Amino acid sequence: MDVGGDFTVTVIKKEVVAAALPAQEHWLPLSNLDLLLPALDVSVFFCYKIDIPEGDVDVDVDDDEEFFRGFGSMVSALKRGMAEALVSYYAFGGEVVSNSAGEAELLCNNRGVDFMEAQADVRLDGLNFYNPDLTIEGKLVPNKKKNGVLSVQVTKLKCGGVVVGCTFDHRIADAYSANMFFVSWAELARCKQPSVIPSFRRSLFNPRRPGSFHPSLNGMYAPIASLPPPPPGGADHDHPLISRIYYVTAEQLLLLQTLATTNCNSKGSSSYNYKRTKLESFSAFLWKMMAETESDDKTICKMGIIVDGRKPLGHDKLSSYFGNVLSIPFGEKTSQELKEQPLSWVADAVHDYLKAAATKEHFLGLIDWVEAHRPQPAMTKIYSSDGPAFVVSSGQRFPVAKVDFGWGRPALGSYHFPWGGEAGYVMPMPSPNPARDGDWVVYMHLLRGQIELIETEASHIFKPLTSQYLNLLP
């Protein structure tokens with residue numbers, strides 16, 4: 001059953017949830033790594049299948065008092081857990097403002113989180129998960145107010161299911177930080193102690209005196225004022241970026257990894273002296289697919305992969321650090337190279353530029369690079385590319401199964417990031433289907449032509465995400 005986007009969502013209540021305990025108002029500066037992020041909002045949604053009494057499968061629960069009471073108790077648990085979580089995660093309850101130098105800072109004033117209750121005239125198994133542009137964007141994830149950091153929308157569905165949608169300011173949190181919050185929020189909603197208490201120790205990212213950085217960082221990042229302006233009139237409506245969600249089976253991922261690992265020597269034989277990761281292999285395959293959409297063999301195709309610096313920096317406090325600890329190294333190849341070379345060659349190129357960025361010195365240098373350019377705002381060059389480009393962000397640590405607010409693990413959890421820029425965005429996440437351990441759910445925001453090629457040439461790998469795959473059908 002799939003009704004696409006033909007359904008209505010009605011907001012029935014709006015309020016602000018503040019921290020359960022008062023706190024002294026204070027300013028929290030953004031770290032140099034936070035300052036590399038432009039003002040972008042990231043959305044996440046969690047879908048829950050709520051069983052209704054046997055024999056009532058077709059009942060319209062919009063008019064069922066018992067369901068309203070049940071939904072009300074869910075919302076109460078979510079708000080109580082949110083209020084308790086904001087005591088420790090106070091950054092999500094603040095406001096982003098500009099300081100005298102024009103840089104963003106966080107005012108921790110317990111403004112609170114915008115919290116909406118809504119209802120939708122659609123069943124969970126009727127949602128078109130494959131096309132989030134129709135069903136998620138503008139319907140099941142909220143828009144965030146200008147200076148707020150986090151907004152939440154809880155939507156009840158006709159079948160008894162519930163969707164919890166969140167939108168947060170990327171300047172304040174990366175996915176690792178947001179994931180910590182979601183798990184703690186769920187734990188507190190179940191009246192359990194949070195397993196992680198966040199750290200906001202900005203001194204971990206103080207620049208060195210004197211600072212130093214490798215010249216290669218000038219090729220990765222640039223002051224925004226030095227980058228070419230966006231095209232007149234905004235987005236290119238003839239070549240739009242669209243969002244889709246697929247699943248990729250563990251068997252196909254293993255096959256890609258095998259192909260990416262094969263190294264043919266000059267005599268034509270193969271050796272397996274090293275092994276490329278699934279992420280490297282998957283990303284290399286997408287990079288080759290991107291090149292296939294280009295008719296000019298000299299076109300430069302770029303692909304970046306987000307690297308989390310918590311492990312390379314090696315500080316024991318970083319495992320609970322809340323904020324951005326990211327770098328986005330990227331590679332550049334001609335479309336001809338990517339078309340003609342085997343997957344193993346492309347995977348080697350991916351491995352090489354990732355390896356160079358996954359070091360302590362890279363991140364310390366990046367902190368110093370930002371300091372040398374402040375207060376000029378800067379960002380990664382791949383977000384302002386003059387040719388085809390996309391970024392892959394590994395969501396393999398997305399703890400979907402742990403975001404249980406008291407009514408079971410989500411049937412689906414996914415990030416949603418149609419960010420409005422010129423570069424594409426791809427995030428592979430673990431499958432929520434317990435019977436399909438090792439599968440990935442993949443969110444893609446790419447050019448329509450790239451999506452069409454993937455669906456034509458790689459439909460055996462990228463399969464549209466359906467209610468059947470998620471075990472939602474009655």
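All figures in this text were calculated on a predicted structure; none of them were measured in a lab.

Draft legend 1. Representation of the overall build of the protein chain within the structure. Of the regular secondary structure elements, the protein chain holds 11 helices and 22 strands. The C-alpha atoms of the protein chain give 23 Å as radius of gyration, which agrees with the globular expectation for 474 residues (23 Å, within 12%). If one aligns the C-alpha atoms of the protein chain with their principal axes, the spans along those axes are about 70 × 50 × 45 Å. Buried positions account for 56% of the 474 residues belonging to the protein chain. When contacts within the protein chain are restricted to residue pairs at least 6 apart in sequence, those whose partners lie at least 24 apart make up 81%. When the accessible area of the protein chain is evaluated, it comes to approximately 20400 Å², of which 51% is carbon and sulfur surface. When the 44 positive and 55 negative side-chain charges of the protein chain are each reduced to one mean point, those points stand 7 Å apart.

Draft legend 2. Structural view of the environment of Pro 375. Of note, Pro 375 is situated in the loop between helix 10 (360–373) and strand 17 (378–380). Along the backbone, Pro 375 and Leu 35 are 340 residues apart, and their C-alpha atoms lie at a distance of 9.4 Å. Setting aside its immediate chain neighbours within four residues, Pro 375 contacts Ala 101 and Glu 103.

Draft legend 3. Local environment of helix 5 (residues 250–261). The terminal C-alpha atoms of helix 5 lie 16 Å apart, and with 12 residues this matches the ideal 16 Å at 1.5 Å per residue to within 8%. Along helix 5, the positions that sit buried rather than exposed are Gln 252, Leu 253, Leu 256, Gln 257, Ala 260 and Thr 261.

Draft legend 4. Structural detail: helix 11 (residues 448–457). For helix 11, the complete set of buried residues consists of Gln 450, Ile 451, Leu 453 and Ile 454. Along the axis of helix 11, the buried residues cluster in a sector spanning 165°; they form a single face. Lining the buried residues of helix 11 we find strand 10 (241–248), helix 6 (278–292) and strand 21 (440–447).

Draft legend 5. Seen up close, the nonpolar core. Counting residues in hydrophobic clusters, the biggest one holds 154 residues, and the most contacted among them are Trp 185 and Phe 462. The element best represented in this core is helix 6, accounting for 9 residues. Leaving out residues up to four positions away in the same chain, Phe 462 has contacts with Tyr 246, Tyr 247, Val 248, Phe 282, Phe 285, Leu 286, Met 444 and Ile 454.

Draft legend 6. Representation of empty space enclosed by the protein in the model. If you walk through the whole model with that rule in mind, you get 2 cavities of 30 Å³ or more. For the largest cavity, the full set of lining residues is Leu 33, Leu 36, Leu 37, His 170, Tyr 221, Ile 306, Leu 326, Ser 327, Ile 328, Thr 380 and Tyr 383. Estimated volume of the second largest cavity: approximately 50 Å³. Lining the second largest cavity are Leu 286, Met 289, Met 290, Phe 390, Leu 446, Gln 450 and Ile 454. Where the lining of the second largest cavity is concerned, the elements lending two or more residues are helix 6 and helix 11. Residue contributions to the lining of the second largest cavity peak at 3 residues, all from helix 6. Split by residue class, the lining of the second largest cavity holds 6 nonpolar, 1 polar and no charged.

Draft legend 7. Geometry of the packing of aromatic side chains. Within the structure shown, the criterion is met by 29 aromatic pairs. Between the aromatic rings of Phe 417 and Trp 419, the centroid separation amounts to 6.4 Å while the plane-to-plane angle is 20°, which identifies the pairing as stacked. Across this residue pair, the class does not change: Phe 417 and Trp 419 are buried. A cation over a ring is seen here: Lys 139 above Phe 7, with NZ or CZ 4.3 Å from the ring centre. Cation over ring: Arg 244 sits above Tyr 130, and NZ or CZ is 5.3 Å from the ring centre.

Draft legend 8. Structural detail: the sheet that holds strand 7 (residues 150–156). Ordered by their spatial adjacency, 6 strands build an open sheet running 1-6-7-8-3-19, and the pairing between neighbours is mixed. For this open sheet the edge positions go to strand 1 (9–17) and strand 19 (412–416), each flanked by a neighbour on one side alone. Pairs of neighbouring strands in the sheet enclose a mean axial angle of 15°, with direction left out of account.

Draft legend 9. Region of interest: the pairing of strand 6 (residues 113–120). Counting buried residues in strand 6 gives 7 out of 8 residues, a clear majority hidden from the surface. Pairing geometry for strand 6 and strand 7, over 6 bridges, is parallel. Across the sheet, Asp 114 pairs through a bridge with Ser 151, a residue of strand 7.

The rules behind the values
- Residues numbered from 1 in each chain as written.
- Predicted model: local features only at pLDDT ≥ 70, side-chain atom pairs only at ≥ 80, totals over all residues.
- Heavy atoms only, no water.
- Helix = DSSP H or I, 4+ residues; strand = E, 2+ residues; numbered from the N terminus.
- Rg over C-alpha atoms; globule rule 2.2 N^0.38 Å.
- Buried < 20%, exposed > 50% of the residue type's maximum accessible area, 1.4 Å probe, protein only.
- Contact = heavy atoms within 4.5 Å.
- Areas by Shrake-Rupley, 256 points an atom, 1.4 Å probe, with all protein chains shown as cover.
- Lys, Arg positive; Asp, Glu negative; His and termini not counted.
- Charge placed at Lys NZ, Arg CZ, Asp CG, Glu CD.
- Expected span 1.5 Å × (residues − 1).
- Arc of directions from axis to C-beta.
- Core = buried A, V, L, I, M, F, W, Y, C linked by side-chain atoms within 4.5 Å.
- 1 Å grid on protein atoms, 1.4 Å probe; cavity = no way out; pocket = protein on both sides within 12 Å on 5 of 7 lines; lining within 4 Å.
- Points joined across faces, edges and corners; volume = space filled by probe spheres on them.
- Nonpolar A, V, L, I, M, F, W, Y, C, P; charged D, E, K, R; others polar.
- Phe/Tyr/Trp six-rings, centres within 6.5 Å; stacked < 30°, edge-to-face > 60°.
- Lys NZ or Arg CZ within 6 Å of the ring centre and 35° of its normal.
- Pairing = 2+ DSSP bridges.
- Axes fitted to C-alpha atoms, helices over the stretch in contact; angles between N-to-C directions.

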